[in-house]
Amino acid sequence: MSFPPDQIAELQALVPGVMACQEGVVTYFLLPGLQLPAGCTPSKVDALLCPTPRDGYESRLFFSQLVTSTSARNWHVTNTRIVDRQWCAFSWKTNKTGLRLAQMVVEHLCALK
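Source: prediction; values computed, not measured.

A.B. asks: So what's going on with the overall build of the protein? Residues and values would help.
C.D. replies: Summing up its helical and strand segments, the protein has two helices and six strands in all. Moving toward the C terminus, one meets the helices and strands of the protein in the order α-β-β-β-β-β-β-α. The C-alpha atoms of the protein give a radius of gyration of 13 Å, which matches the 13 Å a tight globule of 113 residues would have. Considering only C-alpha atoms, the protein reaches an extent of 35 × 25 × 25 Å along its principal axes. The buried share of the protein, taken over its 113 residues, is 42%. Summing over all exposed atoms, the protein offers an accessible surface of approximately 6,000 Å²; the carbon and sulfur share of this is 54%. When the 10 basic and 8 acidic side-chain charges of the protein are each reduced to a single mean position, those positions are 7 Å apart.

Shown next as structure tokens:
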């Protein structure tokens, strides 16, 4: 699946170094050194955005390691393997639809505040 160049540019403005990755028919976006909200440990991690439905979620944000924050989250630590790396994610759904790529990332990060 291809995404509009303006949405990819917005994502690159949010996270410099963004790279699109393909696995099967799914396009992911690698977000190197994603800055996490204040109060998170670590403060930066590599993340992987899946902007299409997966695992019963409209979109998913995977993290290269567990993140602790002021809000406890139900982490899936099964270490999902995507694009030759291990990832983990927490259980969280947004009720917002029609989000642009950068908005998806921001929405997922709101769950860590």
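After presenting the structure, the write-up continues.
A.B. asks: So what's going on with the nonpolar core? Residues and values would help.
C.D. replies: Leu 31, Leu 34, Leu 36 and Phe 63 are the most contacted members of the largest nonpolar core, which totals 26 residues. Those elements that provide at least two residues to this core are β2 (26-35), β3 (44-50), β4 (60-63), β6 (85-90) and α2 (101-110). Counting residues per element, this core draws most heavily on α2, at five residues. Listed in part, the nine residues of the second largest apolar core include Cys 21, Tyr 28, Cys 50 and Ala 89.

A.B. asks: Residue-level account of the side chain of Glu 107, with values.
C.D. replies: Along the chain, Glu 107 falls in helix α2. Note on Glu 107: relative accessible area 14%, which makes it buried.

A.B. asks: Help me get a handle on the pattern of salt bridges, residues and values and all.
C.D. replies: Where charged atoms of side chains with opposite charge meet at close range, the side chains can pair. Tallied over the entire structure, the rule returns five salt bridges. Where Glu 10 meets Arg 100, a salt bridge forms, and the shortest distance between an N and an O atom there is 2.9 Å. Linking Glu 10 in helix α1 (residues 5-14) with Arg 100 in the loop between β6 and α2, this pair joins segments that are 90 residues apart in sequence. Accessibility expressed as a relative area gives 25% for Arg 100, which makes it partly exposed. With a closest N to O distance of 2.9 Å, Asp 55 and Arg 54 form a salt bridge.

A.B. asks: Report on the packing of aromatic side chains, specifying residues and quantitative values.
C.D. replies: Enumeration over the complete set of coordinates arrives at two aromatic pairs. Ring geometry for Phe 3 against Phe 29: centres 5.4 Å apart, planes inclined by 70 degrees, an arrangement best described as edge-to-face. Note that Phe 3 is positioned in the segment before α1 and Phe 29 in strand β2, a separation of 26 residues in sequence. A ring pair is formed by Phe 63 and Phe 90, whose centres lie 5.8 Å apart and whose planes are at 20 degrees; its orientation type is stacked. Placement of the pair is Phe 63 in strand β4 and Phe 90 in strand β6, with a sequence separation of 27 residues.

A.B. asks: Outline the environment of Gln 35, supporting the account with residue identities and numerical values.
C.D. replies: Secondary-structure assignment places Gln 35 in strand β2. Looking at Gln 35, the relative accessible area reads 45%, which means it is partly exposed. For the pair Gln 35 and Val 25, spaced ten residues apart in the sequence, the C-alpha separation amounts to 28 Å. Apart from the residues within four sequence positions on either side, Gln 35 is in contact with Ser 43, Lys 44 and Leu 109.

The rules behind each value
- Residues numbered from 1 in each chain as written.
- Predicted model: local features only at pLDDT ≥ 70, side-chain atom pairs only at ≥ 80, totals over all residues.
- Heavy atoms only, no water.
- Helix = DSSP H or I, 4+ residues; strand = E, 2+ residues; numbered from the N terminus.
- Rg over C-alpha atoms; globule rule 2.2 N^0.38 Å.
- Buried < 20%, exposed > 50% of the residue type's maximum accessible area, 1.4 Å probe, protein only.
- Areas by Shrake-Rupley, 256 points an atom, 1.4 Å probe, with all protein chains shown as cover.
- Lys, Arg positive; Asp, Glu negative; His and termini not counted.
- Charge placed at Lys NZ, Arg CZ, Asp CG, Glu CD.
- Core = buried A, V, L, I, M, F, W, Y, C linked by side-chain atoms within 4.5 Å.
- Salt bridge = Lys/Arg side-chain N within 4 Å of Asp/Glu carboxyl O.
- Phe/Tyr/Trp six-rings, centres within 6.5 Å; stacked < 30°, edge-to-face > 60°.
- Contact = heavy atoms within 4.5 Å.

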